[in-house]
Amino acid sequence: HQWWWEVVYPEQGIRLENEIHIPVSTPVDIRLTSNDVIHSFWVPQLAGKLDMIPGKTNTLRLQADNPGEYRGQCAEFCGLNHAFMQFTLTAHSPENFAQWLQEAQ
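Cut-off values and rules
Residues numbered from 1 in each chain as written. Predicted model: local features only at pLDDT ≥ 70, side-chain atom pairs only at ≥ 80, totals over all residues. Heavy atoms only, no water. Phe/Tyr/Trp six-rings, centres within 6.5 Å; stacked < 30°, edge-to-face > 60°. Helix = DSSP H or I, 4+ residues; strand = E, 2+ residues; numbered from the N terminus. Buried < 20%, exposed > 50% of the residue type's maximum accessible area, 1.4 Å probe, protein only.

Draft legend 1. Main features of the packing of aromatic side chains. Applying the stated criterion across every chain yields a total of 5 aromatic pairs. Ring centres 5.1 Å apart and planes at 70° place the aromatic pair Trp5 and Phe87 in the edge-to-face group. You can see Trp5 sitting in the segment before strand S1 (6–9) and its partner Phe87 sitting in strand S9 (residues 86–92), a full 82 residues away along the chain. Summarising the burial analysis for this pair, Trp5 and Phe87 share the class buried. Both rings, one in Phe97 and one in Trp100, keep their centres 5.8 Å apart while their planes meet at 25°; by these two values the pair is stacked. A residue pair is termed a helical-turn pair when its members lie 3 or 4 positions apart in one helix, as Phe97 and Trp100 do in helix H1 (residues 94–104) at 3 residues. Here Phe97 matches Trp100 in class, with each residue buried.

Shape descriptors only; they carry no functional weight alone.
Here's what the structure looks like:
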């Protein structure tokens, strides 16, 4: 897990790599944990960064007001491949998000 993002939607049983999907105009709490080293979760267009510290869970609330794709990355040097630790956050209209959830399950 040191240089990629695992995203889990526990209630829906969905696991993703390096991608997040959220509904537009809805505050979403992202629970952040790390199993290895300190990372920092950052989606510059949507929220400030928040550190991920091994053994702790931090929560970041973010909201996208417009549909689209947003780039995210680790903002804390975490080792040799830190520069490749990126992800895409896709903000969907409520209808498209519901459809995405059904297809992802």
